[in-house]
Amino acid sequence: MDTYCLSVTCKSKRGIVAAIAGYLAENGCNITDSSQFDDAQTDNFFMRVSFVSEEGVALDTLRKGFTDTAQAFPMDIAVHDESHRMKVVIMVSRFGHCLNDLLYRWRIGALPVDIVAVISNHLDYQKLVVNHDIPFHYIKVTKENKREAEAQQMRIVEETGAELIVLARYMQVLSDEMCEKMSGRIINIHHSFLPSFKGANPYKQAFERGVKLIGATSHYVTGLLDEGPIIEQDIVRVTHAQSPSDYVSLGRDVESQVLARAIHAHIHRRVFLNGNKTVVFPASPGSHASERMG
Ligand SMILES: Nc1nc2c(c(=O)[nH]1)N[C@@H](CN(C=O)c1ccc(C(=O)N[C@@H](CCC(=O)O)C(=O)O)cc1)CN2
């Protein structure tokens, strides 16, 4: 039997959970996992439900049936087949550790997505990508050709049907237009514990500040550089004896892990936008089951 995921965002009101649980039960669906959050500050309510359609009621029928429930509680509602593999374009510049990590996770089945293309403004990782039988697109970016380069990037996104763009250390600022068009569908890894040290060279900034912790932050990309809603973060200790290049080495693993966790949360629809913040529900049991055991 297929497992589906229902995600709901609405204004908080008594009875929402009962209405949704009741609707699913009445339509032969068994809830296997449920998370909800009522934000008292914004009065926004968020809910994510995994369920099995035990009597074979089709996804489209369930979607259509929800409109009545949705009318009782004006809500943004979406129902997805949890077996759907999201189409992803990865973009990278000169630092390839996050790309390499994502390709490995994808290859062993730990990242159940379809990587439909890798785009880079450098040729460093062409062989690596082609060896994974994934299309590689080299699109040079200069101050003079940024707009045309971005148009080429967006053509690839549209032609492949990509649902998510991952900036795996892609070091070019995207235009407001692209950020708006792909709002909530571009995930970046920034190599600092935001909001500290935005922009280029965060490790140099951290070294000059004399920090004792460096970190990585994965966030949705907006027109405001490195200020998009944060999805995942982590940190690693540093000492007075270490240099910015030591930070680069120490940062590789934490950047890769933070980005992978953020993508995993996004593709399993566990991330909800809440103004310029996010609500991130925990992974449901078995959500890592797609990984091929060695
Ligand atoms: N619109 C946005 N674009 C990008 C974001 C974002 O949040 N909003 N995140 C960056 C990633 N990034 C840090 O994580 C970052 C990348 C690049 C720069 C920058 O100043 N780039 C220069 C060119 C540098 C070069 O050519 O090597 C530039 O674009 O003029 C700052 C921060 C990805 N894009």
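Residues numbered from 1 in each chain as written. Predicted model: local features only at pLDDT ≥ 70, side-chain atom pairs only at ≥ 80, totals over all residues. Heavy atoms only, no water.

As recorded in an unreviewed UniProt entry, the protein chain goes by the name Formyltetrahydrofolate deformylase, listed as coming from Mesorhizobium album. Quoted verbatim from the Pathway (unreviewed entry) field of the UniProt record, the comment on the protein chain reads "Purine metabolism; IMP biosynthesis via de novo pathway; formate from 10-formyl-5,6,7,8-tetrahydrofolate: step 1/1." Among the UniProt annotations of the protein chain, the heading Catalytic activity (unreviewed entry) holds the following wording: "(6R)-10-formyltetrahydrofolate + H2O = (6S)-5,6,7,8-tetrahydrofolate + formate + H(+)". (UniProt positions renumbered as here; feature names shortened; annotations may be inferred.)

A. Highlighting unusual backbone geometry. Put simply, Leu-194 and Pro-195 share a cis peptide bond, and its omega is 10°. Positioned with a positive phi, Phe-197 is a non-glycine residue whose angle comes to about 60°. The residue Phe-197 is located in the loop between β9 (186–190) and α7 (202–209) in this model. At Asp-226, a residue that is not glycine, the phi angle is positive and equals roughly 60°. (Helix = DSSP H or I, 4+ residues; strand = E, 2+ residues; numbered from the N terminus.)

B. Looking closely at the packing of helix α1 (residues 16–26) against helix α2 (residues 59–72). Packing of α1 against α2 brings their axes to within 11 Å, and their N-to-C directions diverge by 140°. The crossing of α1 and α2 is right-handed. In contact with Ala-19, Tyr-23 and Leu-24 of α1, α2 contributes Thr-61, Leu-62, Gly-65, Phe-66 and Thr-69. The class makeup of the residues in the contact of α1 with α2 is five nonpolar, three polar and no charged. (Axes fitted to C-alpha atoms, helices over the stretch in contact; angles between N-to-C directions. Left-handed = near helix turned anticlockwise from the far one by under 90°. Contact = heavy atoms within 4.5 Å. Nonpolar A, V, L, I, M, F, W, Y, C, P; charged D, E, K, R; others polar.)

C. Spotlight on α7. Regarding α7, the residues found buried are Pro-202, Tyr-203 and Ala-206. Each buried residue of α7 lies within a common arc of 100° when the element is viewed along its axis, so the set occupies one face. Those residues of α7 that are buried are in contact with β9, β10 (213–220) and α8 (244–267). Directly after α7, the chain includes Gly-210, whose backbone phi takes a positive value near 75°. (Buried < 20%, exposed > 50% of the residue type's maximum accessible area, 1.4 Å probe, protein only. Arc of directions from axis to C-beta.)

D. Up close: the sheet that holds strand β1 (residues 3–11). Taken together, four strands build an open sheet; the order of strands is β2-β3-β1-β4 and the sheet is antiparallel. Where the open sheet ends on each side, the last strands, each with one partner, are β2 (29–39) and β4 (75–81). Averaged over all adjacent pairs, the angle separating strand axes in this sheet is 10°, with direction ignored. Alignment of β2 against strand β3 (residues 44–53), held across ten bridges, turns out to be antiparallel. By the bridge assignment for β3, Ser-35 is matched with Arg-48. Of the strands in this sheet, β1, β2, β3 and β4 are in contact with α1, which crosses β3 at around 15°. (Pairing = 2+ DSSP bridges.)

E. Focus on the site of the ligand. Every one of the 18 residues lining the ligand counts as a neighbour, but Lys-146, Gln-172, Leu-174, His-190 and Asp-226 are closest to it. Contact between the ligand and Met-171: a nitrogen atom at 3.4 Å from a main-chain N or O atom of the residue. A distance of 3.3 Å separates an oxygen atom of the ligand from a polar side-chain atom of Asn-188. For the shell around the ligand, a count of residues per class yields ten nonpolar, six polar and two charged. (Near = heavy atom within 4 Å. Polar contact = N/O pair within 3.5 Å; in protein donor to acceptor, adjacent residues only side chain to side chain.)

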